[in-house]
Amino acid sequence: MTKDSPMSSVVPVMVPMPAERPYSYAVPEGMRVEPGSIVRVPLGPREVAGIVWDGSGEAVAAKKLRAIAGVFDCPPIPEEMRRFVDWVASYTLSPPGMVARMLLRAPAAFDPEPPTEGLRLVEGMGPDRLTAARERVLEMAADGQAWTKAGLAHAAGVSASVIEGLRSQGVFETVSIPPRPVVALPDPTFGRATLTDGQAEAAARLREKAGTDVFSVTLIDGVTGSGKTEVYFEAVAAALERGKQVLILIPEIALTQAFLERFHDRFGAKPAEWHSDLAPKKRERVWRQVAEGQLRVVAGARSALFLPFRELGLIVIDEEHDPAYKQEDRVFYNARDMGVVRGHIGGFPVVLASATPSLESRVNANQARYERIVLSSRFADAALPDLATIDMRKAAPERGGFLSPVLIEEMKKTLARGEQSLLFLNRRGYAPLTLCRVCGHRFQCPDCSSWLVEHRFRRQLVCHHCGYNEPRPEACPECGTLDHLVACGPGVERITEEVDQLFPDARTIMLSSDMMGGVKRLRLELEAIAKGEADIIIGTQLVAKGHNFPGMTLVGVIDADLGLANGDPRAAERTFQLLAQVTGRAGRTGRKSLGLLQTYQPEHPVMRAIVTGDAEAFYERETAERERAGLPPFGRLAGIIVSAATRQEAESHARALRRAAPRADEVDVLGPAEAPLALVAGRHRFRLLVHGTRRADIQGFLRDMIKAGPRPRGSVRVQVDIDPQSFL
Ligand code: ADP
Ligand code: ZN
């Protein structure tokens, strides 16, 4: 297109940049775009993909107005999705362009995949002479269907040249085969489970809701193994029957492959997967086929919320309490909360499921904003494990060890019965701290305020915040003494070492997210465990989630107190959830099972709640405490993290921001204070905490404050975190 060709109109285009508003572009004569169209636009020296937006864009002088370069051959992003992007941007105080960027993550999918070339038998045409090979080919292709050359050659057991020969004689014609769907269509009537009475009642309620175009939120609150999945599958079926697309969010979907099998058993086809470990080609196909409506069900990680569904009619959020739903990078959002918003904008039901719901969801249910459905017993004869604490002050481990004799005794018995034990410790590596016994030197990350974690299998000291690593030296770098470095405290590697010494003949597997071999290896190990190919499993929190290990009858928590002392208002809730989930791995098939918590504070309310099974009392207490302190969901919180290359810059910017806070009755600002993690990857950090009443317009307050404050200059960065989960 040349500069002076006539322009018919100007439209706003949302580009994947940290811009507050869409930019304006001219639509060249003859080009057709509508709101939602994905277009190619010039931006500085480059071209980027953007979305034609609604309203008006940033004003531009006519001289500077540039033209849209092209329109992708792609279904437009639906209006609902555009409203959703605007809403998320406004709620999280992120530039809308950065939210739209999450929607534009599969650029190769904006144009349709080129069709595959296929061959089809031409009726009435025969080859000049018939060989045995040619005969086999003709027989195969006699059904009149299109074949790929390679597929036909393989099926007939001939070389491709045989087929090429036939084509050159006009026996085959070239046709195009459309791209293959990523998965087959699910059939809502395929493998209906016979539900128990309680399950059937819950399923009927859900079916009723999923059968309508009305926004609602239902919380399925059911103990681990009660059949929550079976029950929400009925809601999925009801939505599919209405011709709707369905999104199921699952934390760690890449590691819960068993879920795909269960879905297959129920619907006769797998759901499409969406997570960061998908191969790029697969990602593009999923994105495209979701946009075209060819894919009906996606099971994905939080980012699946930003897939371009064209007729979404149900979102299920499994393990809704899971902290993995919070993204803390660029756009800080909680996929559970945003999923509910998506349902509200789209006018369809949302289902939350958990054995240990978040306090927020419980309160929403108490206040009748959500409907709560309770499943109080495990399916069939599977009983919940017996739970007990081990008081580590009385049953101390041997010197240098971390397993109490009580736990070791139970592990012996479990092993003798041919059953599995799980030892849970939420700490990767060998030891969280290394120090020199001579001079007291501690190994610290040069770029972060954190200790280096020893990874003995890799022979490295690693920073878990920035990835910095160095080989573990023989001598202390401070005093030079040889062989006097000592590892303090346990990580899973160290527990594995202890287990190997105590049970040299047992088959052990250690699982941790940083294991060599990545997701593939983890999947294989998880399968092996489910098949009973290991006796003792040592793992971090990734073993706590959703897995079904039929042979597991003992769960030992190495350090039940680990998550309690970190200044986080949700520490007790989180610990309760994690402990309930991990002990819930035991006894899923009816055998008697046991969960043991090693703790120095057996009287702590969290430990009492787990051991007595009285979750209600715990929730009540926590709820009352939060209400008294005006903490979420009874009040509102936002974190502001100011970081910079020097401590002084970070601090002075944070202070200036504090001074810029408007006067407000319903909002307080706390800080700035140096962040507990004062240094990360070479950046110094200060935090402010904004605390408002439930009715406070905390976003409006923050916007005013940031606008009145100094503009971040030089290395200074300001990050707002609405509803923070992390206070580090
Ligand atoms: P939850 O999601 O509550 O942990 P699941 O849905 O995973 O529970 O069910 C636990 C186990 O019980 C699974 O192996 C599941 O297949 C089985 N199960 C639950 N309900 C039924 C049912 N009605 N019929 C057959 N199997 C069931
Ligand atoms: Zn570091």
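Reading guide: rules and limits
Residues numbered from 1 in each chain as written. Chains lettered and ligands numbered in written order. Predicted model: local features only at pLDDT ≥ 70, side-chain atom pairs only at ≥ 80, totals over all residues. Heavy atoms only, no water. UniProt positions renumbered as here; feature names shortened; annotations may be inferred. Donors = N, O, S within 2.8 Å, 3.2 Å for Na, K, Ca; no water. Tetrahedral: all angles 85-135°; square planar, octahedral: opposite > 155°, others 65-115°. Helix = DSSP H or I, 4+ residues; strand = E, 2+ residues; numbered from the N terminus. Buried < 20%, exposed > 50% of the residue type's maximum accessible area, 1.4 Å probe, protein only. Near = heavy atom within 4 Å. Polar contact = N/O pair within 3.5 Å; in protein donor to acceptor, adjacent residues only side chain to side chain. Areas by Shrake-Rupley, 256 points an atom, 1.4 Å probe, with all protein chains shown as cover. Nonpolar A, V, L, I, M, F, W, Y, C, P; charged D, E, K, R; others polar. Phe/Tyr/Trp six-rings, centres within 6.5 Å; stacked < 30°, edge-to-face > 60°. Contact = heavy atoms within 4.5 Å. Pairing = 2+ DSSP bridges. Axes fitted to C-alpha atoms, helices over the stretch in contact; angles between N-to-C directions. Arc of directions from axis to C-beta. Domains from an automatic or database assignment. Buried area = accessible area lost by both parts, 1.4 Å probe. Salt bridge = Lys/Arg side-chain N within 4 Å of Asp/Glu carboxyl O.

Taking an unreviewed UniProt entry as the reference, the protein chain is identified by name as Replication restart protein PriA belonging to Nitratireductor aquibiodomus. Listed in UniProt under the heading Sequence similarities (unreviewed entry), the comment for the protein chain reads: "Belongs to the helicase family. PriA subfamily." Its UniProt record, at the heading Subunit (unreviewed entry), says of the protein chain: "Component of the replication restart primosome."

Our next topic: the coordination of the zinc ion (ligand 2). Looking at the metal site, the zinc ion (ligand 2) is ligated by Cys445 (SG), Cys448 (SG), Cys463 (SG) and Cys466 (SG), spaced 2.2 to 2.3 Å from it. Geometry at the zinc ion (ligand 2) is tetrahedral, judged from its four donor atoms and the angles of 107 to 113° they form at the metal. In primary sequence terms, the donor set of the zinc ion (ligand 2) follows C-x2-C-x14-C-x2-C. One end of the pair, cysteine 448, is in the loop between strand 19 (433–436) and strand 20 (453–455); the other, cysteine 463, is in the loop between strand 21 (460–462) and strand 22 (469–471), with 15 residues separating them in the sequence. Accessibility expressed as a relative area gives 2% for cysteine 463, which makes it buried.

Around ligand 1 there are 15 residues in total, and Thr194, Gln199, Gly225, Lys228 and Arg262 lie nearest to it. Here an oxygen atom of ligand 1 and a backbone polar atom of glycine 225 are 2.7 Å apart. At a separation of 2.7 Å, an oxygen atom of ligand 1 approaches a polar side-chain atom of lysine 228. The fraction of the free accessible surface of ligand 1 (550 Å²) that becomes covered by protein chains is 77%. When residues of the shell around ligand 1 are assigned to their parent elements, the largest contribution, three residues, is made by helix 7 (residues 228–241). Looking at the shell around ligand 1 residue by residue, the class counts come to three nonpolar, eight polar and four charged.

Inspection of the entire model under this criterion finds 14 aromatic pairs. Here the aromatic rings of phenylalanine 306 and tyrosine 333 are separated by 5.4 Å at their centres, their planes lie at 80°, and the arrangement is edge-to-face. Taken as a pair, phenylalanine 306 in the loop between strand 11 (297–300) and strand 12 (312–318) and tyrosine 333 in strand 14 (residues 333–334) lie far apart in primary sequence, 27 residues in all. Classification of phenylalanine 306 by relative accessible area gives buried; the value is 1%. Classification of tyrosine 333 by relative accessible area gives buried; the value is 2%. Taken together, a centroid distance of 6.2 Å and an interplanar angle of 70° make the contact between phenylalanine 618 and tyrosine 619 edge-to-face.

Okay, unusual backbone geometry next. Following proline 632, the chain continues into proline 633 via a peptide bond in cis, with omega recorded as 5°. Inspection of the secondary structure assignment puts proline 633 in the loop between helix 17 (615–629) and strand 28 (635–644). Put simply, glycine 671 and proline 672 share a cis peptide bond, and its omega is 10°. Among the secondary structure elements, proline 672 is positioned in strand 29 (residues 667–680). In this structure, alanine 368 is a non-glycine residue whose phi angle is positive, near 65°. The topology assignment puts alanine 368 in the loop between helix 11 (359–366) and strand 16 (371–375).

With that settled, the discussion passes to the UniProt feature "binding site: Zn(2+) 2" (unreviewed entry) in the protein chain. Those residues carrying the UniProt feature "binding site: Zn(2+) 2" (unreviewed entry) are Cys445, Cys448, Cys463 and Cys466 in this numbering. What stands out for the annotated residues spanning 22 residues is how close their C-alpha atoms remain, the widest pair being 8.7 Å apart. The exposure class of cysteine 448 is buried, given its relative accessible area of 1%. Not counting chain neighbours up to four residues away, the residues in contact with cysteine 448 comprise Cys463, His465, Cys466, Leu679, Val680 and Ala681. On the accessibility criterion, cysteine 466 (30% relative accessible area) is partly exposed. Contacts of cysteine 466, omitting those with residues within four sequence positions, involve Cys445, Cys448 and Ala681.

Our next topic: the pairing of strand 19. A regular strand places its side chains so that they alternate between the two faces of the sheet. Burial of the side chains of strand 19 extends over both faces: Leu433 and Leu435 are buried on one face and Thr434 and Cys436 on the other. The pairing of strand 19 with strand 23 (residues 485–488) spans four bridges and is antiparallel. Residue pairing in the sheet places cysteine 436 in a bridge with leucine 485 of strand 23.

Here we come to the sheet that holds strand 8 (residues 216–222). The strand order across the open sheet built from seven strands is 10-11-9-12-15-8-16, with neighbouring strands paired in parallel fashion. Looking along the sheet, the strands with just one partner apiece sit at the ends: strand 10 (272–274) and strand 16. The average angle at which neighbouring strand axes cross in this sheet is 20°, direction not considered. With six bridges connecting them, strand 8 and strand 15 (residues 349–354) associate as parallel partners. When the bridges of strand 15 are listed, threonine 218 appears paired with valine 351.

In this section: helix 4 (residues 149–156). The complete set of buried residues in helix 4 reads Leu152, Ala153 and Ala156. Down the axis of helix 4, the buried side of the element spans an arc of 100°, and every buried residue falls inside it. Those residues of helix 4 that are exposed and angled more than 90 degrees off the buried face are Ala150 and His154. Buried residues belonging to helix 4 abut helix 3 (132–141), helix 5 (160–168) and strand 7 (172–177).

Take the sheet that holds strand 20 next. Pairing between the strands of a sheet comes from backbone hydrogen bonds, and it takes one of two forms, parallel or antiparallel. The antiparallel open sheet is built from three strands, whose spatial order is 20-21-22. The sheet is open, and its two borders are formed by strand 20 and strand 22, each paired with just one other strand. Averaged over all pairs of adjacent strands, the angle between strand axes in this sheet comes to 30°, irrespective of strand direction. Where strand 21 lies against strand 22, three bridges are found, and the strand directions are antiparallel. Within strand 22, the position partnered with leucine 461 by the bridge is glutamate 470.

Let us now look at the domain arrangement of the protein chain. Split by domain assignment, the protein chain resolves into domain 1 (7–104), domain 2 (116–177), domain 3 (197–379), domain 4 (382–427 + 491–623), domain 5 (430–489) and domain 6 (635–722). One C-alpha centre belongs to domain 1, the other to domain 3, and the line joining them spans 30 Å. Summed over both sides, the interface of domain 1 with domain 3 buries roughly 1800 Å², with 74% coming from carbon and sulfur. Of all residues in domain 1, Glu80, Phe84 and Met102 give up the largest surface area on contact with domain 3, accounting jointly for 33% of the area buried on that side. The salt bridge partner of arginine 342 is glutamate 80, with a shortest N-O separation of 3.1 Å. On the surface where domain 1 and domain 3 come into contact, there are three residue pairs in polar contact (both at pLDDT 80 or more). Contributions of two or more residues to the side of domain 1 that touches domain 3 are made by helix 1 (79–92) and helix 2 (96–103). Per-element accounting of the side of domain 1 that touches domain 3 gives the leading share, eight residues, to helix 1.

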